[in-house]
Every structure is written in structure tokens, then in C-alpha cells.
Amino acid sequence: AAPVASGSGDYVVQIASLRNRGDAVDLWGTVSGKFSNVLPSGLYSDIKQVDLGDKGIYYRLRVAGLANKVAADRLCNQFKARGQACIVARK
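Keep in mind that this is a model prediction, so the values were computed, not measured.

J.: Hey, could you run me through the overall build of the protein in this one?
T.: When helices and strands are tallied, the protein shows two helices and four strands. Starting at the N terminus, the α and β elements of the protein follow one another as β-α-β-β-α-β. For the protein, whose C-alpha radius of gyration is 13 Å, the value lies close to the compact-globule estimate of 12 Å for 91 residues. The buried share of the protein, taken over its 91 residues, is 38%. Total accessible area computed for the protein in this model is approximately 5000 Å², and 47% of it derives from carbon and sulfur atoms.

Put into C-alpha cells, the structure is as follows:
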């Protein structure tokens, strides 16, 4: 079953953590094309900047717009089945 998109929700599926925002934007273009068959309409990229202290600034590429945690878990499991690492997180 496809994950349910709602346009908003408290959960995201993180698929990467990168050092450069531009790389995160580019990766979303690749991922959204490669996984278009499991990404329902209404999902979107959410790039969150995080400061990890000594490790530096990272940009977390996350899929947002999922209805709830069940939908996020379902999408992450579909990614994993296709070789894409991911974690479910709260927004």
C-alpha cells in the first residue's frame, strides 16, 4: 500500500545528511525521479540545517507531507526495500 500524503504531518523520512545544501537539493531531484513510483502526490522535500558542533553544519534531506507515523514508516520501508537508507523522525 502507498503511504498516505496529507501535505502536513509531524513525521518525516530522512534519506540523507549532507554538508552542502545544494547537494541536498540535487539529491532530491534524483530521489524523487528514481522513487516516483513510491512517492505519492503531495510529498515534498524538507531540508533542515543542523549544527553538529565540531562536526560542522549539515543539511538533512527529508521527505515531508506524510499524514502520520504509519505513513512515514511505510515509506521508509519501501525505500529500504529498494536499497535507499532512511530513518523516520519527528519534524
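What follows picks up the thread again.
J.: Even after reading the chapter, I still don't get the pairing of strand E3 (residues 57-64), so can you show me in this structure?
T.: Looking along a regular strand, one sees the side chains alternate between the two faces of the sheet. E3 sits mainly inside the fold: six of its eight residues count as buried. Pairing analysis gives five bridges linking strand E1 (residues 11-18) to E3, with the strands arranged antiparallel. Its bridge partner being in E3, Ser17 is matched across the sheet by Arg60. Hairpin connection, strand E2 (residues 44-51) to E3: the antiparallel pair is bridged by five residues, and Gly53 has positive phi, about 65°.

J.: Which parts of the structure should I look at to understand helix H1 (residues 21-34)?
T.: Each turn of an α-helix holds 3.6 residues, which means side chains three or four residues apart point in the same direction. Along its 14 residues, H1 runs 20 Å from first to last C-alpha, staying within 8% of the 20 Å computed at 1.5 Å per residue. Where the residues of H1 are buried, they touch E1, E2, E3 and helix H2 (69-81). The N-cap of H1, judged by a side-chain oxygen 2.6 Å from the amide nitrogen of Gly22 a few residues on, is Asn20.

Criteria and thresholds
Residues numbered from 1 in each chain as written. Predicted model: local features only at pLDDT ≥ 70, side-chain atom pairs only at ≥ 80, totals over all residues. Heavy atoms only, no water. Helix = DSSP H or I, 4+ residues; strand = E, 2+ residues; numbered from the N terminus. Rg over C-alpha atoms; globule rule 2.2 N^0.38 Å. Buried < 20%, exposed > 50% of the residue type's maximum accessible area, 1.4 Å probe, protein only. Areas by Shrake-Rupley, 256 points an atom, 1.4 Å probe, with all protein chains shown as cover. Pairing = 2+ DSSP bridges. Expected span 1.5 Å × (residues − 1). Contact = heavy atoms within 4.5 Å. Polar contact = N/O pair within 3.5 Å; in protein donor to acceptor, adjacent residues only side chain to side chain.

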